[in-house]
Structures are given as C-alpha cells and as structure tokens.
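What follows is the residue order along each chain.
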Amino acid sequence: MASITSPNNADKSEPTQNSNGPLGWLVRFLNLDASTSSGRAIGLGLAKKDPRATAGEDARSHAVNRLKLVLMHDRTQISPDTLAQMRDELVQVISKYVEIDTEALELNFEGDSNTIALMANIPVLRGKNVVVAAS
Amino acid sequence: MIQTTMPDPKPSETVALQSTETQGSVDAKSVKPSVSADKAVAKAPATKDQPVDPNAKTGRVIVVTSGKGGVGKTTTTANIGTGLAKLGYKVVLVDTDIGLRNLDILMGLENRIVYNIVDVVEGRCKMQQALVKDKRFPNLQLLAAAQTRDKSAVNEEQMRQVCDELKAQVDFVLLDCPAGIEQGFMNATSGASEAIVVCTPEMSAVRDADRIIGLLEAREEIKNHKLILNRLRPNLIRSNDMMDVDDVLDILNVKLLGVIPEDRDIIVSTNRGEPIVMVEESLAGQAYTNIARRVAGEDVPLLDLNQPLTLMEKVKQFFTGKRAG
C-alpha cells in the first residue's frame, strides 16, 4: 500500500483484478478492494476485517457454537473420548443385526439449553438374517 | 433519571422504608410499607440480651456469585447494595471472600474496618461492632471479610447464623461470594435464599456461569437465581465480534436481571471508592440503579446501551455499505 504517491508504480507492482483502473490507487489506499483487504488493515483501516472471518462465521457465532458444544459435554459429563467409545460399542451391537456403514455413522449431542439429545445417524447397508434365539 | 435520592442529613423526610417478603422472588411486586421508623431504632446500643425488636425485619439474603473471577462480583455487590440504600432500603453488604477482602476498598471504607466476620463468628465482638456504617448512606452497612485468614475460618452453619442475625435487622443482605466452586462458594451460598449470577459475554465466563447455575439449582435453599451480564461492549456486538445478551441467555437458559455496559467510569469511581451508582450521569451507574430497582421488585425496562455511532463507525459504514445490525 505504499502507492499513495505514485499510481503508476502501484499498477505495476500489484496488478490485481479490481483495482487496475485509473482510480486503482485510490481504491487500494482506502482499502476498499476486497481482493486486497483480506488481511491487515492498511491505509486508513476502513475495511478492517478479521482475516479468519468468512461469511456467517464471525467471532460471535464461533463463540456461540463452541460454547454450546462445550456445555453439552460439561453438562452430560461425557467426554469426546467416552462418546467415541459409545460409538464403537453401538456399532458392535447394531452390526450383529444389520450391516451398517460405519464410516458414515454419526453420533453427536444436539439440542438447546433445555434438553440434550444424543443423535445417531446410522446408515444401514443391508439387513442380516439373524435368528433371534428364543428364550 | 427519575430517582428519589435520599438526602444524607435527614433520611426521615423522604421515601418511607419498605420491606419485602422473604419468600418473594426478585420480581415480586409485594413491596409494602413497613411500620418501622427508618432511624437507627434497631441500632440501639447493643445490650447483653438479644433485643426484642417489635420492628424486626425479615430481609432477603442474596448472594452475588459467578464462578469465574474478575467478572465484577464485588463491583456488582457494592453497586446493587448502594443502589438499594439510595432507594431507601436498609442494606448490609457482607464480604465472604475471606483472605482476599476487597469489598471494603470498592466502598471506600477500608480505613474504617475494625472487626470482621471472623471476629463475629469467633465471638471477639458483637455484630453491631463489626458493622461499618457508610457515612454517605446511613442505612448502608458493611461486614468485612478477614484478610489474614482463609475460607475455613467460617463454616456453612456459622454463615447461616450470621445471615439470620443480619436479616432480622435489614431489608437486604448482599453476600459477595468468592470466585470458584469450592468451600468458599458453598459457605457463601449457604445463608442465601436468592442468587445473582454475574457473567461477561466471554466464553470462559459463560462456561463457568453454567457450572455455577448447575450448583445453585442443586441447592434447595436458593429459591431463584438471575443473571447480570456485565461489561457488554455494544460496538463489538454490532460488528458481530462479541456475543449478544440473547446469545448468553439462550445458552445458559436463565432469567436476566440486567445488563451493564463496559464503562471507564467504573475504573475511575472504584479508584475514588465511590460505587458507580453514585455517578448518576454514567451509563453503568444508571444500569446498576435499574438493577437495584428490579431487585426491589420494580418493573424497570432494560437500558438502551446503543450509544450513537462513533465517527469512525459512521465512516466505516459509509464505505463498506454495511448497516450495522
């Protein structure tokens, strides 16, 4: 962004798609060009942006989403490790009766602050012919 | 701000003292005038016998807690207490953070502490000797924590006794709880029947608040708990960089008692030993006054924290074309 004094220099040094026009130096000076404002705020810092922020993923929703997950583990006192173990054991039990896609199996906590549900999504490939032992 | 302030020299000419039912929730509308005169009747020189006071009160005991340290428990205690005293209620603030006492500093009373809560519990002095009267508000008193002892110096039963003795004399007993979930927290909450949870819109504070709320719900004595969201920064919320009030309420599933904006005046007033509610033009001061009125049972709408945009924000908005949410 050292292009304030000489627009020609700027055009040569950093030819970007949107800021090539005659006013390109101004665009970049004001840091309005999306293609150059990805990182630090330079110039006047008008378009200062968190480099990690993508659409809909601002710091606020990051915090909310992470917190919800953490609190579900806190409240249920089930660690990610335990959850993985549960998943494995579930696979074993269900596999006795049906063939399932163990790769695509999902097991997660879901819910709002009132209720927590353990949601399992278990894709079934095909059934097994299992003779249930009569007691 | 519409506010009945009580002139220091003649408290009797203004608002009549009011007392509320112990079992009422924070929202209870049952604010009824009490027969008691507001002068220092109950504070007659301590006699050997327990004074049989016909005007004995049944004050509400409220613990201010948070889990995480540094979110503003002590500031909140000092300000709600002072706010209630300004409204004409009789208030005792109790610092239960034994070993790390700070409430006296925030109240500007640090030079007047002679006895503390441990002295009372261990019988070295009468309760009346340990209560420090705030000269600015004749109906506001402080029971300080001991600085040279630790949390084991007072147990749950002793804390209950202290609270029982105090609530017979005043309208509100506010307990400043230590951070953490250990014995200090258990002691502080044992005497209370209501709780105020202080939290900031930060992940760690919200997580700790969630833990505290879980523990409070497990305590039968605590009839209700409400949240104060402290140190809110409207500018950061506008730019979606900080969690909003609704986000935190949704995550914690708790009722809101009030919202306090981040305010440099709090630092200034703390340094002066004056709770921010005494600075009426400050936003945080108004927010705390509103909270005090809600605690007393009034229905006060939330303060609008959205200050006008700063020049920089306007310029930024103009160039980016984004309207702040």
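Not measured: the values here are computed from a predicted model. Starting afresh in each chain, residues are numbered from 1 along the sequence in its written order. A letter from A marks each chain and a number from 1 marks each ligand, given out in the order of writing. Reporting in this predicted model follows two pLDDT cut-offs: at least 70 for local features of residues, and 80 or more for side-chain atom pairs to be given and counted; totals over whole chains, interfaces and linings ignore these cut-offs and use all residues.

(A) Representation of the overall build of chain A. Helix and strand content of chain A: 4 helices and 4 strands. Helices and strands appear in chain A in the N-to-C order α-α-α-α-β-β-β-β. Counting other C-beta atoms within 10 Å of a residue's C-beta gives its exposure: the residue is buried at 20 or more, exposed at 12 or fewer, and partly exposed in between, where C-beta atoms are placed from the backbone. For chain A, the proportion of its 135 residues judged to be buried stands at 9%. The long-range fraction of contacts in chain A, counting pairs at least 24 apart against all pairs at least 6 apart in sequence, stands at 29%. Secondary structure elements follow DSSP: runs of H or I no shorter than four residues count as helices, runs of E no shorter than two count as strands, and numbering proceeds from the N terminus. A residue pair is marked as a contact if its C-beta atoms, positioned from the backbone, fall within 7 Å.

(B) Molecular detail of the pairing of strand 8 (residues 194–199) of chain B. Residues and elements named next belong to chain B. Strand 8 sits mainly inside the fold: 6 of its 6 residues count as buried. Every second residue of strand 8 is oriented toward a common face, with E194, I196 and V198 on one face and A195, V197 and C199 on the other, all of them buried. Here, a strand pair is defined by DSSP locating no fewer than two bridges between the strands. As paired strands, strand 3 (residues 60–65) and strand 8 are joined by 4 bridges and run parallel to one another. By the bridge assignment for strand 8, V64 is matched with I196. Two elements, strand 8 and strand 9 (residues 224–232), share 6 bridges in a ladder whose sense is parallel. The residue bridging E194 from the neighbouring strand is N224, located in strand 9. Every crossover in which the path from the first strand over the helix to the second runs clockwise, viewed with the strands pointing away from the viewer, is termed right-handed. The handedness of the strand 8 to strand 9 crossover, carried by helix 7 (residues 203–218), is right-handed.

(C) Spotlight on the sheet that holds strand 5 (residues 132–133) of chain B. Residues and elements named next belong to chain B. The mixed open sheet is built from 8 strands, whose spatial order is 5-6-4-7-3-8-9-10. The open sheet has two free edges, formed respectively by strand 5 and strand 10 (255–261), since each of these has just one partner strand. As defined by bridge partners, strand 4 (residues 91–95) adjoins strand 7 (residues 172–176) across 5 bridges and the pair is classed as parallel. Counted as the bridge partner of D95 is D176 from strand 7. For helices, the fitted axis covers only the stretch in contact; all axes are lines through C-alpha atoms, and the angles between them, taken along N-to-C directions, range from 0 to 180 degrees. Each of strand 3, strand 4, strand 6 (140–143), strand 7, strand 8 and strand 9 touches helix 1 (residues 73–86); the most contacted strand, strand 7, lies at about 165° to it.

(D) Structural detail: the interface of chain B and chain A. The interface of chain B with chain A comprises 18 residues on the first partner and 17 residues on the second. Elements that contribute at least two residues to the side of chain B that touches chain A include exactly helix 7, helix 9 (245–252) and helix 12 (311–320) of chain B. Among the elements that line the side of chain B that touches chain A, the one with the most residues is helix 7 of chain B, at 5 residues. By residue class, the composition of the side of chain B that touches chain A is 8 nonpolar, 3 polar and 7 charged. Following the grouping adopted for this structure description, the nonpolar residues are Ala, Val, Leu, Ile, Met, Phe, Trp, Tyr, Cys and Pro, the charged ones are Asp, Glu, Lys and Arg, and the polar ones are all others, Gly among them.

(E) Looking closely at the packing of helix 7 of chain B against helix 9 of chain B. Residues and elements named next belong to chain B. Running from N to C, helix 7 and helix 9 point in directions that differ by 40°, and their axes come no closer than 10 Å. Our classification of the angle between helix 7 and helix 9 gives oblique. Along this stretch, helix 7 crosses helix 9, giving a crossing that reads as right-handed. In contact with V206, A209, D210 and I213 of helix 7, helix 9 contributes V248, I251 and L252. Its residues placed into classes, the contact of helix 7 with helix 9 shows 6 nonpolar, no polar and 1 charged. For classification purposes, an angle smaller than 35 degrees is called roughly parallel, one larger than 145 roughly antiparallel, one from 65 to 115 roughly perpendicular, and anything else oblique. For a crossing to be left-handed, the near helix must be turned anticlockwise from the far one by less than a right angle; the clockwise case is right-handed.

(F) Just the packing of helix 1 of chain B against helix 11 (residues 283–295) of chain B, in detail. Residue and element names in this part refer to chain B. Their axes nearest at 8 Å, the elements helix 1 and helix 11 cross at an angle of 70°. When the axis of helix 1 is compared with that of helix 11, the two are roughly perpendicular. Every pair of crossing elements has a handedness; the one defined by helix 1 and helix 11 is right-handed. Along the contact surface, helix 1 presents N79, I80, G83 and L84, while helix 11 presents Y288, T289, I291, A292 and V295. A class-by-class count of the residues in the contact of helix 1 with helix 11 yields 6 nonpolar, 3 polar and no charged.

(G) Examining the environment of R101 of chain B more closely. Residue and element names in this part refer to chain B. Tracing the sequence through the fold places R101 in the loop between strand 4 and helix 2 (103–107). In this structure R101 comes out as buried when scored by C-beta crowding, with 23 C-beta atoms within 10 Å. Residues R101 and T74, 27 residues apart in the sequence, show an inter-C-alpha distance of 9.6 Å. Ignoring anything within four residues of it in the chain, the contact list for R101 reads D95, A144, A145 and Q147.

(H) Layout of the environment of A104 of chain A. As for its position among the elements, A104 of chain A is in the loop between strand 1 (98–100) and strand 2 (106–110). Taking the C-alpha atoms as reference points, A104 of chain A and P123 of chain A, separated by 19 residues in sequence, lie 6.8 Å from one another.

(I) Seen up close, unusual backbone geometry. Residue and element names in this part refer to chain B. Unusually for a residue other than glycine, R231 sits at a positive phi of about 60°. Residue placement: R231 occurs in strand 9. Among the residues examined, R231 registers 22 C-beta atoms within 10 Å and is labelled buried. A positive phi angle, close to 60°, is found at N240, a residue other than glycine. Along the chain, the position of N240 falls in the loop between helix 8 (234–238) and helix 9.

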